[in-house]
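Topology and contacts: notes
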Amino acid sequence: MQDHPTEPQIRTDVLDPARAGALAATLGLEATFAEGTPLPPFFHQIYFWDARPPEALGRDGHPAVGDALIPAFGLPRRMWAGGALEFLAPLRAGRPAEKRSTRVSTSRKTGRSGPLAFVTLHHEIWQDGTLCVREAQDLVYRADAAPDAPGPVPPRAPEGAAGSTEVRFDPTLLFRYSALTFNGHRIHYDPAYAREVEGYEGLVVHGPLLAQKLLLWAEETGPVATFRFRGTSALMVHEAAELCRDGARMWVRGPDGRQVMTAEVNTAQTV
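Residues numbered from 1 in each chain as written. Predicted model: local features only at pLDDT ≥ 70, side-chain atom pairs only at ≥ 80, totals over all residues. Heavy atoms only, no water.

This part takes up unusual backbone geometry. Of note in this structure, Phe42 is not a glycine but carries a positive phi near 80 degrees. Phe42 gets classed as buried once you look at its relative accessible area, which sits at 1%. One non-glycine residue, Phe48, lies in the positive phi region at around 60 degrees. (Buried < 20%, exposed > 50% of the residue type's maximum accessible area, 1.4 Å probe, protein only.)

Put into structure tokens, the structure is as follows:
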């Protein structure tokens, strides 16, 4: 099933400098923000919260689906599969901004693990009359796995990176990132739920947090103009990971050599 784009849903927010500073501290960055300070790429994730009352949440802590933006598929497990970003102009702290969101498409199919539903959302973020960020966001919904069903075999990460750097996570970092992004998904802070309901080994590192780490590393060689990423396997909080890069290609490698995420980056000088 494919559908026509929905009417835009609009949220406004003042990009609080203190919140940007809190994310920088959470990520271990030495950065301060005042009104007018440009925000690092992808920091818009901590704004434009979709704050709903408890009765409007699903079992996983996310807003329950079944509204004008995301249909109700009857599939309880939600994952952020990937996205594509264009950074057209810097967003600046302390100033009002507007996020316009539409649903571009939905589709359903049956995979090895059962029924799946795919949703692509399109977001535009405007500030002072300028389009600053254009983003496509891919979400996947799936059924609960049978208790004895084998898990998918993750792909192997590429060899031969031109550069790499190790990253580690802990429950405190995941909790703070969840709070700053207003992400109530329990797989990131409730280990019993993550294991017993969703079938993971423990707490799961946020896909956007991994993408943020890749983006900040890429920025060290120049301002990022475009960035595409796709998650291919979950990273557990107790696992060290490697951020890898070879030219425009980037990826995240798990400690067992599996591919956790792939990405493609272009700096302003190369587009």
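All right, on to the pairing of strand 7 (residues 224-231) then. By the bridge criterion, five bridges tie strand 2 (residues 77-87) to strand 7 in an arrangement that is antiparallel. The residue bridging Gly83 from the neighbouring strand is Phe229, located in strand 7. Two elements, strand 7 and strand 10 (residues 259-267), share seven bridges in a ladder whose sense is antiparallel. In the strand pairing of strand 10, Gly231 is matched with Met261. (Pairing = 2+ DSSP bridges. Helix = DSSP H or I, 4+ residues; strand = E, 2+ residues; numbered from the N terminus.)

Turning our eyes to something else, we now look at the side chain of Glu239. Within the secondary structure, Glu239 is located in the loop between strand 7 and strand 8 (241-246). Setting aside chain neighbours within four positions, we find Glu239 in contact with Ala234, Pro255 and Arg258. (Contact = heavy atoms within 4.5 Å.)

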